[in-house]
Amino acid sequence: MHDRVFRDWSPQEAQRWGHQPLRLHHGWHRSPLFTDDALADLIERYPEQHYALVATSSQGDGQRRWREGEIRGSSGHDVIEAIRQGGLWLNLRNVHLVDRRYACLMDSAYSELQREMPDFDPRAMRMGILISSPRAQVHYHSDLPGQALWQIRGRKRVLVYPPTAPYLPPEVLEEVALSGVEVNMPYRPDFDRGALAVDLEPGQMLHWPLHSPHRVDNHDCLNVSVTTEHWTESIRRTQMVNVANGVLRRQFGWTPQSRAIEGPSFWAKAAFQAAWRRSPWARQAQRLQRPIDFRLAPQKPERLLDIPAYFR
Ligand SMILES: [Fe+2]
C-alpha cells in the first residue's frame, strides 16, 4: 500500500488550499533523511552555489545586519553544533537538485496534491532544507512562488498575514516582484493583531495563500524545516502582471487599476514586462545580493572569521 504524505487530507482541504492558511500533518519528521548523520553528510558535500549560511539579527535591527558566510573545512556535525549554539541559519537550497532521494520526497508530495486537486498544475518545484538556531528569526517578508513550510525537528512560531493592504500594499508586492527579493518590506508590530500565529510542531506542514507575508520565530531549540515551492500558470501570470504594474508605477508614475491575469490588459502587460525584462533597467533592479564576508569556524572561540567580501 502506498504511504500517504498527508495524514489528514479531506475534501475541505482542497477547498481551502490557496485561499486560507492550511496546517496539515505529514510523516517526513520520521524519515532517515533528516537525522543529524544524514544532514551532516549532506552538508559536507553540498555545492557552494546552492547553500546560504546567514548570521542573523533580531527583527528591528534591520536586515542589513544579516551577514552571509561560507562553510569550507568544517565537518557537517560541527556545522550543526555551531547552529545549535545560536545566531545562524543554513539554507540548503535546491536539495532536490543535489540529492535524488530528497527529490523523490518532494515529488511524492506534489503527486499527492495533484491527485487530490486535479486542477492544481504545479511546475518548477523546488525544495530546500533550513537548519536554524534556537530563537533565530526570519523577518517579515513575502515570497513570489507558492510555498509550504514543513516542520521536521524543533518548534517554531509562524505568523502569517493577509496578502492585502496594509500588510502587503500593491506597490510593495510590485517591488518584490521586480527585485525578486523581499528587501525592507514595511512591518509594524501592530500588524500582528491581524496575523494567524501557528506553533509549528514536527510532523506539521503550513501552506498559505500566495504572497501572504510571514515571519518566523524559532522556539528555544534547534530547528530543521523543509520549504517547498512551486509555480502554476496563474502564479506565473500574476508575477508578470505585478512586474508590469511595478514598472508602470515606478517608471511612468501611473497607478495600475487592474491585476487581471486574463483578457486584453493581461496580454498587453505580458508583452510589456517581457520587453522590460530584456532591458538594462531590469538587470540593474535584480543586482541585489549580500556579499559572503565570513567563514564559519566552529572550533575557534569567535566562530565567525572575517574574510575579504566576495559575491558568489
Ligand atoms: Fe518565506
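Reference entry: report on the structure contained in this document. (Residues numbered from 1 in each chain as written. Predicted model: local features only at pLDDT ≥ 70, side-chain atom pairs only at ≥ 80, totals over all residues. Heavy atoms only, no water.)

1. Description of the coordination of the iron ion
Coordination sphere of the iron ion, protein contribution only: His141 (NE2), Asp143 (OD) and His214 (NE2), at 2.1 to 2.2 Å. Every donor residue of the iron ion comes from the same chain, spaced as H-x1-D-x70-H. Across this residue pair, the class does not change: histidine 141 and aspartate 143 are buried. (Donors = N, O, S within 2.8 Å, 3.2 Å for Na, K, Ca; no water. Buried < 20%, exposed > 50% of the residue type's maximum accessible area, 1.4 Å probe, protein only.)

2. A few points about the nonpolar core
Grouped together as the largest cluster of nonpolar side chains are 47 residues, with contacts concentrated most on Trp28, Phe34, Leu90, Ile129 and Ile131. The leading source of residues in this core is helix α5 (residues 100–116), at six residues. (Core = buried A, V, L, I, M, F, W, Y, C linked by side-chain atoms within 4.5 Å. Helix = DSSP H or I, 4+ residues; strand = E, 2+ residues; numbered from the N terminus.)

3. Observations concerning the packing of helix α2 (residues 36–44) against helix α3 (residues 76–85)
Running from N to C, α2 and α3 point in directions that differ by 110°, and their axes come no closer than 7 Å. In this view, α2 runs roughly perpendicular relative to α3, as classed from their interaxial angle. When α2 is examined against α3, the residues Asp36, Asp37, Leu39, Ala40, Ile43 and Glu44 are found in contact with a partner set consisting of Gly76, His77, Val79, Ile80 and Arg84. For the contact of α2 with α3, the class distribution of residues is five nonpolar, two polar and four charged. (Axes fitted to C-alpha atoms, helices over the stretch in contact; angles between N-to-C directions. Parallel < 35°, antiparallel > 145°, perpendicular 65-115°, else oblique. Contact = heavy atoms within 4.5 Å. Nonpolar A, V, L, I, M, F, W, Y, C, P; charged D, E, K, R; others polar.)

4. Side note on the environment of threonine 227
Its location among the elements puts threonine 227 in strand β12 (residues 223–231). What makes threonine 227 partly exposed here is its relative accessible area of 24%. Taking the C-alpha atoms as reference points, threonine 227 and valine 158, 69 residues apart in sequence, are found 13 Å from one another. Each residue touching threonine 227, except ones within four places of it in the same chain, is listed here: Arg126, Met127, Gly128, Ala148 and Leu149.

Geometric descriptors of this kind do not, in isolation, establish any biological role.
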